[in-house]
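Residue-level listing of the chains:
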Amino acid sequence: MPGEPRARSPAVGDPTEAIPATGGVEFDARDDQSPVRCPYCDRPFRRDRYESLHRGREHPDRLSDRERAVFERAARSERAELRRFRLYALGTLVALYFGLLITAAFVV
């Protein structure tokens, strides 16, 4: 209809278009950093750490000693972050439980 704005479809090669990647992860082409790619399967990753974790888990037989050390360091760091998150989640649940318990004690 006249007077209504038309939706613009992105042209092929438009830099603002999101690039779909394997595994359902999308990368925004406007990011300043280009994605890091696995040298074995060419899968893109947002960070070097993610790529080293992938290589250690998906291609362990192809790793050199240096790459294996990088993977072990990244895996150790990931385990520490997961532990911290789990403790935080547990603390939140405990606080929520006791908060609701005290609230119920005063209401009833």
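Every value quoted in this text rests on a predicted model; they were computed, and no experiment measured them. (Residues numbered from 1 in each chain as written. Predicted model: local features only at pLDDT ≥ 70, side-chain atom pairs only at ≥ 80, totals over all residues. Heavy atoms only, no water.)

**Overview of the pattern of salt bridges**
Rules: We define a salt bridge as a contact between a side-chain nitrogen of Lys or Arg and a carboxyl oxygen of Asp or Glu at a distance within 4 Å. The secondary structure listing takes helices from DSSP runs of H or I that are at least 4 residues long and strands from runs of E that are at least 2 residues long, numbered from the N terminus. Only protein chains enter the accessibility calculation, which uses a 1.4 Å probe; a residue is then buried when its area is under 20% of its type maximum, exposed when over 50%, and partly exposed in between.
Under the counting rule described, the total for this entry stands at four salt bridges. Here Arg-49 and Glu-81 are joined by a salt bridge, their closest N and O atoms 3.0 Å apart. Taken as a pair, Arg-49 in helix α1 (residues 48-58) and Glu-81 in helix α2 (residues 65-107) lie far apart in primary sequence, 32 residues in all. With a relative accessible area of 35%, Glu-81 lands in the partly exposed category. The salt bridge involving Arg-57 is made with Glu-78; its shortest N-O contact spans 2.8 Å. Placement of the pair is Arg-57 in helix α1 and Glu-78 in helix α2, with a sequence separation of 21 residues. Accessibility expressed as a relative area gives 21% for Glu-78, which makes it partly exposed.

**Digging into the state of the cysteines**
Under the convention used in this document: The definition used for a disulfide is geometric: two cysteine sulfur atoms within 2.5 Å.
Applying the stated criterion to the full structure yields zero disulfides. The thiol of Cys-38 is unpaired, and the distance to the nearest cysteine sulfur, on Cys-41, comes to 3.7 Å. Using a relative accessible area of 2% as the deciding quantity, one classes Cys-38 as buried.

**Considerations on the confidence of the model for the protein**
In low-pLDDT segments, the atomic positions of the prediction should not be examined closely. Let me state the cut-off plainly: What pLDDT reports is the predictor's confidence in each residue, on a scale of 0 through 100. In this description, contact between two residues means that some pair of their heavy atoms is separated by no more than 4.5 Å.
Taken residue by residue, the protein gives an average pLDDT of 80. The fraction at 70 or more is 69%. When mean pLDDT is compared element by element in the protein, α2 scores highest at 96, while strand β1 (residues 18-20) scores lowest at 48. Across residues 7-21 the pLDDT falls below 50, and counting only partners more than four positions away or on other chains, this stretch makes 18 contacts in the model.

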